[in-house]
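# What the coordinates show
Now for the letters of each chain:
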Amino acid sequence: MWCSRTALGRLQRIAPCTVTGFHRAMSMLPKVFVTRKVPPDGLDILRTSGQVQFEMWDSDDPVPRVELLKKVKGCDAILCVLTEKIDAQLLEAAGPNLKVVSTMSVGFDHLSLDELKKRGIRVGYTPDVLTDCVAELTVALLLATSRRLIEATHEAKTGGWGTWRTLWLCGHELANSTVGILGLGRIGVAIAERLKPFKVKKFIYTDVEPRPELANMIEAEYVSLDELAKQSDFLAVCCALTPETHGICNWNLFSKMKKNAIFINTSRGGVVNQEDLYEALSTGLIAGAGLDVTTPEPLPTHHPLYTLKNCVILPHIASASYTTRNAMSALAANNLLAGLRGEPMPKELIL
C-alpha cells in the first residue's frame, strides 16, 4: 500500500472531491520502494516529509527476488538493505525513472557500482553512525573468544563445572599484548581506543597505504601484512570487501600467525577463506577465531566451523543496537530524500 493511509482516511471524512485531489497529488509524488521493514525513525522521516509515496516490504525476511523485480518497476528511488542485490537485472526492471538507491548499510558490496554509475543513479550509504556499536561488539567478541566464554557457559550448563582445576578453560589476556588491525578506518580506531585501557602494549596495522592521521590517534605502527600476521596476539579485520581484499585472510596469513593468536572478523565474510581458517583452528595453528560475518549468510548449521570449540560465530549483529539501527534508518531516509531533491546527500557514495 502506497503511504500515507492516515492522510487518506482524514480526507475521506471531509469530502470526495478532496480525496480525488489527494489521489492526484499523491500520484505525482516520486515513488519509493523500501525493501524491508526498517526501524521506525527512517519510516517516520519518509512518511512526514510529504515528498514521496512509498511502499514497504513489511517483513523481517528478505523480499523474494521475483517480487522485488516487480515492486521496483517505475520507482524513482529504492531504500534497500545489504541482502538485496542491486545489479543490472534489477536496474533494468526498475526502469529509467530510478534516480537514487539508498542502502541502510556501511558496506556496499551488494551494489553493482559500475551499473549504477553507467545509469547516473546516485547512491547513499550509512557510515559513521555505526562506528561505536561495531567497535563495542568487536571488543565483546574478542573477549568472548580469547577468554573462552561460550565454552565456559556450556560447561556450567551441562555439568562440566566440577572441582577447581589449574588450567581448565584458560584463555589469553590483552595486557602486554600486540593488537593488529587489518584495514585502519574509523572502526579500527574505535576498537583500539576501547582496547587501550586493557593495557595493550602495542597497536600495529596494515592498509593499502600508511594512514598517519588515524594511526597517530591510537599510536599505531604501520607494518606489512606479513608482519601484521607475525606480530599480532590479536588480529582484528576491519577492511572493506573489495577485489583486492577478497580471501586475503587465507592459509598464507594464518600460517604466519602465532599459535596463541586470536583472529576476529567483523568486516565482511568474503575477506576470509573459511576452509583455510578451519584448518588453522582445527590443527592448532592459531588459538581461536571470532566471526560476526561469514560466507554465506546465514552460515549453514552443518558447516565445519560450528564443530570447533575455539570458533565463536555470531549472526552478523555488530550494528544491532536500537540506537544505531534507528540512526542508520534515518540516515538512509535522509540520503534518499536529498538525492531525489537533487541536493547533496548527508552520506553519498561517490561513483
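Here goes a summary of the coordinates provided. Source: prediction; values computed, not measured.

Looking now at the sheet that holds strand 8 (residues 220–222). Strand order in the open sheet made by the seven strands is 8-7-6-9-10-11-12, with parallel pairing throughout. Taken across any chain shown, the strands that pair with only one partner, and hence form the sheet edges, are strand 8 and strand 12 (311–313). Averaged over all neighbouring strand pairs, the angle between strand axes comes to 20°, with direction disregarded. Judged from the three bridges that link them, strand 7 (residues 202–206) and strand 8 form a sheet pairing that is parallel. When the bridges of strand 8 are listed, F203 appears paired with A220. The sheet strands contacting helix 13 (residues 274–282) are strand 10 (262–265), strand 11 (288–291) and strand 12, and the helix crosses strand 11 at an angle near 140°.

As a further point, take the pairing of strand 10. Burial along strand 10 is two-sided: I262 and I264 and F263 and N265, pointing in opposite directions, are all buried. Across four bridges, strand 9 (residues 234–237) lies against strand 10 in parallel orientation. Each bridged residue has a counterpart across the sheet, and for A236 the counterpart in strand 10 is I264. Looking at chain direction, strand 10 and strand 11 are connected through four bridges and run parallel. Paired with I264 across the strands is G290, a residue of strand 11. Note that the unit made of strand 10, helix 13 and strand 11 has a crossover that is right-handed.

Our focus in this paragraph is the sheet that holds strand 5 (residues 122–124). Hydrogen bonds along the backbone pair up the strands of a sheet, which may run parallel or antiparallel. Sheet architecture is open: six strands sit in the order 2-1-3-4-5-13, paired in mixed fashion. The outermost strands of the open sheet, each flanked by one partner alone, are strand 2 (53–56) and strand 13 (348–349). In the sheet, strand 5 pairs with strand 13 via two bridges, with the strands oriented antiparallel. Bridge pairing in strand 13 places G124 opposite E348. Most of the contacts of helix 3 (residues 40–49) go to strand 2, to which it runs at about 150°, and overall it touches strand 1 (31–34), strand 2 and strand 3 (77–80).

With that out of the way, let us pick up the pattern of salt bridges. Under the counting rule described, the total for this entry stands at 20 salt bridges. A salt bridge links R65 to D87; the shortest N-O distance between them is 2.6 Å. Of this pair, R65 sits in helix 4 (residues 65–71) while D87 is found in the loop between strand 3 and helix 5 (88–94), placing the two residues 22 residues apart along the sequence. R65 sits in the partly exposed class, given a relative accessible area of 27%. In this structure, D132 and R194 form a salt bridge, with 3.0 Å as the shortest nitrogen-oxygen distance.

What counts, and at which threshold
Residues numbered from 1 in each chain as written. Predicted model: local features only at pLDDT ≥ 70, side-chain atom pairs only at ≥ 80, totals over all residues. Heavy atoms only, no water. Pairing = 2+ DSSP bridges. Helix = DSSP H or I, 4+ residues; strand = E, 2+ residues; numbered from the N terminus. Axes fitted to C-alpha atoms, helices over the stretch in contact; angles between N-to-C directions. Contact = heavy atoms within 4.5 Å. Buried < 20%, exposed > 50% of the residue type's maximum accessible area, 1.4 Å probe, protein only. Right-handed = clockwise from strand over helix to strand, strands pointing away. Salt bridge = Lys/Arg side-chain N within 4 Å of Asp/Glu carboxyl O.

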